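Observations on chain architecture
The lines below spell out each chain.
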Amino acid sequence: MSRLESGLRRPTLEQLLPLARYYGVTIDSLVDAPCTADPRVDMRPMSVGDGSVVIPLTRRPGGIQAYKFVLPAGNDDVIPELHSHEGHDWAYVLNGTLRLVLGDQDLLLQAGEAAEFDTRTPHWFGATSRGPVEYLSLFGRHGQRAHVRTTDT
């Protein structure tokens, strides 16, 4: 065992099977095999204190990240607290009406509408009093942008 741990010996299948059984793990986890069989993303929702739910739709670190947001019905009189940070955001409304305050613009996006902006512009997302809203967000932390392909070339 110490020669296996120190890298002086390579394990055989005959050695790996009893080790996996003893530790109650798969052989793949013992040899740190890459996950290739199941491409599904673990979409465990994260609750936010205001009743909102965020569902991550990507699992790789870096690059563009995808999220689904579900926001409860809002208050039309709320004064939004705008935030800015490094990055680029693209939002697509699935259901409901999304209120997007972007700089000095106060926009209402309906289902099927999208917005794209540099997140260094002060912004805020919220639902209206008409009801909850669901939207998708593609976010690039370092300014990466979503690229839309319009031709087959």
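The preceding data block contains the structure.
What this report covers is the structure whose coordinates are included nearby. (Residues numbered from 1 in each chain as written. Predicted model: local features only at pLDDT ≥ 70, side-chain atom pairs only at ≥ 80, totals over all residues. Heavy atoms only, no water.)

With that settled, the discussion passes to a nonpolar patch on the surface. There is a patch of nonpolar side chains on the surface, built from M1, Y22, Y23, V25, L30 and V31 and spanning about 630 Å² of accessible area. Following the sequence through the fold, M1 ends up in the segment before α1 (2-6). (Patch = residues over 30% accessible without salt bridge, like charges linked within 9 Å, V, L, I, M, F, W, Y side chains within 5 Å. Areas by Shrake-Rupley, 256 points an atom, 1.4 Å probe, with all protein chains shown as cover. Salt bridge = Lys/Arg side-chain N within 4 Å of Asp/Glu carboxyl O. Helix = DSSP H or I, 4+ residues; strand = E, 2+ residues; numbered from the N terminus.)

Turning our attention to the environment of A20. Along the chain, A20 falls in helix α2 (residues 13-23). Taking the C-alpha atoms as reference, A20 lies 7.1 Å from L30; in sequence the two are ten residues apart. If sequence neighbours within four positions are ignored, A20 has contacts with V25, T26, I27 and L30. (Contact = heavy atoms within 4.5 Å.)

This part covers the sheet that holds strand β8 (residues 123-127). Taken together, three strands build an open sheet; the order of strands is β6-β5-β8 and the sheet is antiparallel. One side of each edge strand has no neighbouring strand; the edge strands of this open sheet are β6 (105-109) and β8. In this sheet, adjacent strand axes meet at a mean angle of 20° when their direction is disregarded. Sheet topology note: the strand β5 (residues 98-102)/β8 ladder contains five bridges and is antiparallel. Paired with V101 across the bridge in β8 is W124. (Pairing = 2+ DSSP bridges. Axes fitted to C-alpha atoms, helices over the stretch in contact; angles between N-to-C directions.)

This paragraph deals with the environment of Y67. Tracing the chain through its elements places Y67 in strand β3 (residues 64-71). Along the sequence, Y67 and F139 sit 72 residues apart, while their C-alpha atoms lie 8.1 Å from each other.

Moving on, we come to the nonpolar core. The biggest cluster of nonpolar side chains holds 16 residues, and the ones touching the most others in it are L71, L98, L100, L109, F125, V133 and Y135. Broken down by secondary-structure element, the contributors of at least two residues to this core are β3, β4 (88-95), β5, β7 (114-118), β8 and β9 (133-140). What L71 contacts, discounting residues up to four positions off in sequence, is S52, L98, F125, G126, A127, P132, V133 and Y135. (Core = buried A, V, L, I, M, F, W, Y, C linked by side-chain atoms within 4.5 Å. Buried < 20%, exposed > 50% of the residue type's maximum accessible area, 1.4 Å probe, protein only.)

Just geometry here; none of it tells us what the structure is for.
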